[in-house]
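Structural features, examined
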Amino acid sequence: MNTANSPYVKRDLAHVWHPCTQMKDHEQVPLIPIRSGKGVWLEDFDGRRYMDCVSSWWVNLFGHSNARINAAVRDQLEKLEHVILAGFTHEPVIELSERLVEVLPAGLTRCFYADNGSSAVEVAVKMSFHYWRNVGKPAKRRFITLSNSYHGETLGALAVGNVQLYKEIYQPLLMDVITVPSPDCFEREPGESWADHSRRMFAHMEETLARHAGEAAAVIIEPLVQCAAGMRMYDPVYLQMLRNACDRHGVHLIADEIAVGFGRTGTLFACEQAGIRPDFVCLSKGLTSGYLPLSAVVTTEDVYTAFYDEYVKLNAFLHSHSFTGNPLCCAAAVETLKIFSDDNVLERNRALAEHMGSLARQLEDHPHVAEVRQRGMILAIEMVKDKASRAPYPWQERRGMRVYRHALERGLLLRPIGSVIYFMPPYVITPEEIELMVTVAREGVELATCD
Ligand SMILES: *Cc1c(COP(=O)(O)O)cnc(C)c1O
């Protein structure tokens with residue numbers, strides 16, 4: 001069928017290699033060229049609209065083409081597009097750093113910038129390793145990570161992650177890490193509370209820390225929600241126990257808030273729900289409201305001081321990216337934080353999250369839904385082959401893909417992870433749009449599980 005979309009699809013498929021995609025799928029699955037976006041809606045060249053229920057891969061916070069972010073980036077563009085951040089500085093990066101320090105847990109005072117989430121993880125990993133060298137403990141060079149964790153795709157970030165689909169093939173290229181079973185509460189025993197399960201699973205971490213403290217630089221975790229693993233969640237008590245144990249054993253704690261930061265879990269940062277302060281926090285995605293690529297690693301005076309020395313001692317952190325701290329990106333990020341403080345975003349989100357939860361929980365009774373779980377503005381519906389045993393559908397059946405295709409026909413961008421359908425919408429979504437989102441997801445579940 002020839003439509004206004006067609007020429008773009010044809011030109012795209014001639015040269016563009018898409019991320020995280022088996023390109024052959026596009027023989028069957030339509031590629032959708034987007035002409036414009038406004039709020040939660042994307043529009044293609046045929047004028048068809050799609051509700052962006054996944055915030056364009058978890059990045060968008062306040063809708064597409066947001067008037068305030070647009071204006072902030074436009075203003076900055078008229079002043080300065082970019083400048084080297086070594087030896088030079090600019091107002092947006094200064095203001096952003098001040099604001100980040102103000103809203104992050106107390107004690108996180110030093111901001112280092114990169115331009116994507118994976119690079120932020122690389123920075124945190126290198127900094128932790130380098131810190132221990134600088135303070136005379138070079139044996140501490142290994143990293144402890146959770147099963148099913150995700151920290152990005154570059155080799156260091158891939159190494160400290162644990163989603164086998166992305167990792168396994170590259171294993172020969174990756175550094176060796178210590179992997180501890182995740183507190184993922186989908187795995188809890190019948191009748192066991194989330195807190196009890198998370199507490200019980202901590203025994204593995206405690207034991208690992210006790211055994212490896214001498215060679216461990218840091219534990220890296222995604223606080224509260226392991227998003228790429230299919231929005232698997234755990235209780236804040238795990239983070240409290242982890243902070244305590246890291247202190248006792250002299251091991252850094254790296255909190256990867258790249259996906260969960262900026263209000264997704266109900267608080268501005270997920271770590272707040274445990275009342276903890278990590279040694280490093282990694283931020284990206286929502287940092288610029290999903291407008292521009294920017295990431296930050298924010299750390300403590302203790303870490304910063306360990307690098308502060310005479311040049312000839314070679315203790316400096318000689319890491320950079322060409323676009324480190326780009327002014328346009330920082331301007332978008334500053335405006336993002338202003339919106340949070342001006343507009344009572346977190347409070348408004350509480351009502352939206354409640355609405356989303358109360359509607360979606362009706363799916364709990366479905367014979368092929370094992371769990372409907374939620375933390376703030378992240379909600380997941382896990383489809384299984386057998387409800388009683390929670391036996392999953394074989395991945396080869398690609399049940400989630402059926403939901404994806406159905407949703408597209410209904411004008412929604414819902415992009416399940418395996419058999420997990422999830423909502424992570426921009427915060428400008430309305431209650432009526434939430435109702436449509438849940439309705440279409442329910443239809444998708446029916447369709448995907450009917451045989
Ligand atoms: C997306 C993500 C990353 C990687 O960020 P990129 O910008 O895609 O490199 C790292 N950690 C978590 C938790 C993420 O969700």
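Residues numbered from 1 in each chain as written. Predicted model: local features only at pLDDT ≥ 70, side-chain atom pairs only at ≥ 80, totals over all residues. Heavy atoms only, no water.

Topic: the packing of aromatic side chains
We count it as follows: For Phe, Tyr and Trp, rings pair up if their centres lie within 6.5 Å, where Trp contributes its six-membered ring, and each pair is then called stacked (planes under 30 degrees apart), edge-to-face (over 60) or tilted (otherwise). For every residue, the accessible area (1.4 Å probe, protein chains only) is compared with the maximum for its type, and the residue is labelled buried under 20%, exposed over 50%, or partly exposed between those bounds. The helix count covers DSSP runs of H or I at least four residues long, the strand count covers runs of E at least two residues long, and both are numbered beginning at the N terminus. Here, over-ring charges are defined by two tests on the NZ atom of lysine or the CZ atom of arginine: distance to the ring centre within 6 Å, and angle to the ring normal within 35 degrees.
Here the structure, examined in full by the defined rule, presents 14 aromatic pairs. With centroids separated by 5.3 Å and ring planes inclined at 70°, the aromatic side chains of phenylalanine 262 and phenylalanine 269 adopt a geometry described as edge-to-face. Taken individually, phenylalanine 262 and phenylalanine 269 each receive the classification buried, so the pair is uniform in this respect. Ring geometry for phenylalanine 262 and phenylalanine 340: centres 6.5 Å apart, planes at 40°, overall tilted. Placement of the pair is phenylalanine 262 in the loop between strand S10 (252-256) and strand S11 (280-283) and phenylalanine 340 in helix H11 (residues 327-342), with a sequence separation of 78 residues. In terms of burial, phenylalanine 262 and phenylalanine 340 fall into one category: buried. A network of ring pairs unites the aromatic residues Phe62, Phe262, Phe269, Phe340 and Tyr427 as a single cluster. Cation over ring: arginine 49 sits above tryptophan 41, and NZ or CZ is 4.3 Å from the ring centre. For the cation-ring pair, arginine 110 lies above tyrosine 304, with the distance from its terminal atom to the ring centre recorded as 3.8 Å.

With respect to the domain arrangement of the protein chain
So the rule is basically this: A domain assignment, automatic or from a database, supplies the domain bounds used here. By the convention used here, residues are in contact when the closest approach between their heavy atoms is within 4.5 Å. Accessible area that two parts lose when put together, with a 1.4 Å probe and added across both, is what the buried area reports.
Segmentation of the protein chain into domains returns domain 1 (6-65 + 345-448) and domain 2 (70-343). The C-alpha-based centres of domain 1 and domain 2 are spaced at 26 Å. With 33 residues of domain 1 at the contact, the number on the domain 2 side is 35 residues. Across the domain 1/domain 2 interface, buried area totals approximately 2800 Å², and carbon plus sulfur atoms make up 62% of it.

Re the site of the ligand
Stated formally: Near, as used in this document, describes a residue that has one of its heavy atoms within 4 Å of the molecule or strand being considered. In protein, a polar contact means a hydrogen-donor-capable atom and an acceptor-capable atom, both N or O and within 3.5 Å, with residues adjacent in sequence counting only if both atoms are side-chain atoms; elsewhere, any N or O pair within 3.5 Å suffices. Note on areas: Shrake-Rupley with a 1.4 Å probe; residue coverage comes only from the protein chains shown. Gly counts as polar in this scheme, as do all residues outside two lists: the nonpolar Ala, Val, Leu, Ile, Met, Phe, Trp, Tyr, Cys and Pro, and the charged Asp, Glu, Lys and Arg.
Around the ligand sit Trp58, Asn116, Gly117, Ser118, Tyr150, His151, Gly152, Glu222, Asp256, Ile258, Ala259 and Lys285, and those are all the residues in its vicinity. In the environment of the ligand, an oxygen atom lies 3.5 Å from a nitrogen or oxygen atom belonging to the side chain of asparagine 116. Here lysine 285 contributes a side-chain N or O atom positioned 2.6 Å from an oxygen atom of the ligand. Computed on the free molecule, the ligand has an accessible area of 380 Å², of which 83% lies beneath the protein chains in the complex. Per-class residue counts for the shell around the ligand are four nonpolar, five polar and three charged.

Section: helix H9 (residues 236-249)
Quick reminder of the rule: For a helix, the expected span equals 1.5 Å multiplied by the number of residues minus one.
With 14 residues, H9 ought to run about 20 Å at 1.5 Å a step, and its terminal C-alpha atoms sit 20 Å apart, in line with that. Pro236, Val237, Tyr238, Leu239, Leu242, Arg243, Ala245 and Cys246 are the residues of H9 that are buried. The inward-facing, buried residues of H9 contact strand S5 (142-146), helix H8 (194-212), strand S7 (216-221), S10 and strand S13 (369-375). With a side-chain oxygen positioned 2.9 Å from the backbone nitrogen of valine 237, the residue opening H9 is aspartate 235.

With respect to the sheet that holds S13
Using the following cut-off: When DSSP finds two or more bridges between a pair of strands, those strands are recorded as paired. Here the axes come from fitting lines to C-alpha atoms, over the contacting stretch only for helices, and the angles between their N-to-C directions go from 0 to 180 degrees.
Spatial strand order, S13-S14-S16: three strands in an open sheet with antiparallel pairing. Looking along the sheet, the strands with just one partner apiece sit at the ends: S13 and strand S16 (420-423). Averaged over all pairs of adjacent strands, the angle between strand axes in this sheet comes to 15°, irrespective of strand direction. Pairing of strand S14 (residues 378-383) with S16 involves four bridges; the strand directions are antiparallel. Bridged to isoleucine 381 within S16 is isoleucine 421.

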